[in-house]
Every structure is written in C-alpha cells, then in structure tokens.
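# Understanding the architecture of this molecule
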Amino acid sequence: MTPLGRLLLRQIAAQGPLSVAEYMATCLLHPEHGYYTTHDPLGGTGDFITAPEISQVFGELIGLCLAQAWLDRGAPSPFVLAELGPGRGTLMADALRATRDVPGFHAAMQVHLVELSPVLRAAQADRLAGFAPRWHDSVADLPDLPLFLIANEFLDALPVRQFLRDGAAWRERVIGMRDDTLAFGLTDPTQPAALTPRLANTRDGDMVETCAPAVALAQHVGGRITAQGGVALFIDYGSAQSLGDTFQAVHHHRKVPPLHLPGQCDLTAHVAFAPLAEAAECAATLTDQGAFLERLGSGPRHGALARGKTEAQIETLIAAHRRLTHPTEMGQLFKVLALFCDNGPAPAGTKA
Ligand code: SAH
C-alpha cells in the first residue's frame, strides 16, 4: 500500500466510503502525494505518451488552426492564447514556432497556462521561456479578453462519478474498505435528477459516468467565448455520450487496476462530449482527431519533415502520422470538441 493508500483507508474508516470522483481527485492532486503533484508522467520513462510528444506536427497544426480562427475573427488585439494542462509545454512550444510568421499574432497574444502541478509548471517555464507565460490554478483566473484556448488530454483527468443503473434508479459506485484494502462497492439506489434523461438510452445494469467539473468548465469557457469572442479546442479520448465503465489507471504505459498504487498511477476516464457542448451554449462541433489533422495537412507536413532524412527517421515520421490519424490508433477514439463564437466560421479542420 502506498502512503496515500494508507491515508485514504484511515479517512474511509473515519468518514465512510468515497465517490470515484473523490478518490480520483485525491489520487491525482493530493498536495503531498498526488500523482500530478509529484510526477512528470509524460514520455518514454513516464506512464503515458500524448500526441504532442509523438509528433511536433500536432502542436504546429493546432497553433495554425487557432491563428486562422483569430484572423477569421478580425485579429483582436490583445487576446489570450491559453492552454489547460500543458504537460511539458511541448504543444504550446510547437504552436508558437509555427505561428511566428502570422502577421500580428505574437504581438497581440498573451500566453496563459492553467496548471496545478509544480513539477510540470517548471518544465513549462523552461520550454516557454521567452514568451512570458503566466500561470493560473483555474480557468476562472484568465483575463477578460478574446480567448483562443487549447486543452489536450486535460478533460480526461477531471474526476468522474459512476452510476450503475438498477431498474429505474441508480446505485453510485463508491470506494470503501474490505480486509484492510480499498474495495469497490455500491450505494443504495437513488434517483438523481441529472440522470433521468439517461433512462431513455440505457438498460438495467449499464454504467454511466458524470463529470461535473468538465461541465462547469465548458459552461465557463462557452460563456467567455460568447461574451469576449474566441475559440476553444478540447481534444481527448471519448464519445458523445458516456456509456460503460471507462475509469482506468495507467502505470509505466500499462493498464493496472485503478485501486492499486493510489497516487502513483495516472487515473482517467473517457470524456462525454455532448453534455459539454450543451453546457457551453455557443456554437460547437465534434470531429474525429484523424479527420481534423488530415484536413489541416498532417500528411503533407510529415512528408515535408521527411525530406533529406535517414530511412529510420522517415519511418518514425510515417509511424507518428499514422498513430495520430489512423482510425485503429488515435484517429477515431480521440475527438476534437470545438467551441466558438459565431462571428466567424467553425475552426479549420472541424468541418468537412
Ligand atoms: N496536454 C499535455 C499534458 C496532458 S496530462 C499533453 O498533451 O502532453 C494532463 C495535464 O493536466 C497535466 O499537465 C496535469 O498536471 C494537468 N492537470 C490535471 N488536472 C488538472 C487540474 N484540475 N487543473 C489544472 N491542471 C490539471
């Protein structure tokens, strides 16, 4: 048992079981033992690898997509270029390099990063020195300016609650204690009003997940975009509606049971995008990552990078393009939710 595991067992003994969301939030962000508080989870020696770490083209195309959206909306100045959960700062660094020559873009932008992990804030400061980024704990702290925002694999880290359908009611999945270890259990049936619409599209025994922090975030960002103008791209794995148990733990690139090693594994759940688009109350599109990147030119850009390279380097570039876009790899599981104000077209790549 990890130190955080022992702490959670004591807390459960004193106060009763935790919701999956409480467990997830504590494991990821506990000030002393949390996974993100204490680790750099990314890359070959970490626990998982993300799109910007697979290929520089990912951040480049997102940077250009946001710059085009900025031009389409009259090139407002000043504006906020924001990223939520920037990891090592790779995506933002690639986006900034790719947009260097967009006239006026860098002169008008303020770079703002929302990040809680001190370890990752330090990596971002290193990577983005020269762009004077400012850090915040929450998106609510961003200045009131036109907003051009990217969040890649951020929403999947936000805590979900899980509910198992039982007739016309729901039992919440909780984490309690059995034989001195953490164990899943279920509450008595309840009828949360928020789940009533799901009775129409689920069956007895189905599990659904809700992510209140993601819904609140979408509502907040949608409100800003409506009031101040702008575009937000949320990229993550998931589907329109939640169905089934997607709560998972990853440790050194392998799936492990989510109650093992609390504080030492990455815990995530798939993102349900439809409730986010609805909460944002602005224009929204949902596009497969593969289609999005192909339309923005992932193939030709990887091809250009391959010129003059060794055979091994070319193989790596082909594999990277394939991994990001192919339907059996990240191309279909990952989706791009674009939220945008309607004084400009949908962001490039998000519509056929
Ligand atoms: N976007 C990066 C990193 C993804 S990992 C990439 O694609 O490589 C998730 C990121 O979100 C990390 O930077 C993590 O520290 C941050 N994070 C997770 N939960 C957060 C929260 N509640 N508030 C702010 N940042 C958070």
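The structure contained in this document is the topic of the report that follows. All values derive from a computational prediction rather than experimental measurement. (Residues numbered from 1 in each chain as written. Predicted model: local features only at pLDDT ≥ 70, side-chain atom pairs only at ≥ 80, totals over all residues. Heavy atoms only, no water.)

## Some thoughts on the overall build of the protein
Assigned secondary structure in the protein consists of 13 helices and 16 strands. By the compact-globule yardstick of 20 Å for 352 residues, the protein fits well, its C-alpha radius of gyration being 21 Å. Seen along its three principal axes, the alpha-carbon backbone of the protein occupies a region of about 60 × 40 × 35 Å. A buried classification covers 52% of the 352 residues belonging to the protein. Considering only residue pairs separated by 6 or more positions, the protein has 75% of its internal contacts joining residues 24 or more positions apart. Looking at the protein as shown, the accessible area adds up to about 15,300 Å², and 54% of this sits on carbon and sulfur atoms. The protein carries 27 positive and 36 negative side-chain charges, and their two centres are separated by 3 Å. (Helix = DSSP H or I, 4+ residues; strand = E, 2+ residues; numbered from the N terminus. Rg over C-alpha atoms; globule rule 2.2 N^0.38 Å. Buried < 20%, exposed > 50% of the residue type's maximum accessible area, 1.4 Å probe, protein only. Contact = heavy atoms within 4.5 Å. Areas by Shrake-Rupley, 256 points an atom, 1.4 Å probe, with all protein chains shown as cover. Lys, Arg positive; Asp, Glu negative; His and termini not counted. Charge placed at Lys NZ, Arg CZ, Asp CG, Glu CD.)

## What about the site of the ligand?
Neighbouring the ligand are 19 residues; Thr50, Gly85, Gly87, Glu115 and Asn152 lie closest to it. A distance of 2.7 Å is found between a nitrogen atom of the ligand and a backbone nitrogen or oxygen belonging to Gly85. Gly87 has a polar backbone atom sitting 3.1 Å from an oxygen atom of the ligand. Protein chains bury 95% of the 570 Å² of accessible surface belonging to the ligand in isolation. Here the residues of the shell around the ligand sort into eleven nonpolar, five polar and three charged. (Near = heavy atom within 4 Å. Polar contact = N/O pair within 3.5 Å; in protein donor to acceptor, adjacent residues only side chain to side chain. Nonpolar A, V, L, I, M, F, W, Y, C, P; charged D, E, K, R; others polar.)

## Some details on the sheet that holds strand β11 (residues 248-251)
The three strands are arranged β12-β11-β13 in an open sheet whose pairing can be described as antiparallel. Both edges of this open sheet fall to β12 (254-256) and β13 (266-268), since each of them pairs with a single strand only. Recorded for the sheet is a direction-independent mean angle of 40° between the axes of neighbouring strands. Here β11 pairs with β13 via three bridges, running antiparallel. (Pairing = 2+ DSSP bridges. Axes fitted to C-alpha atoms, helices over the stretch in contact; angles between N-to-C directions.)

Keep in mind that these numbers describe shape and distance, not what the molecule does.
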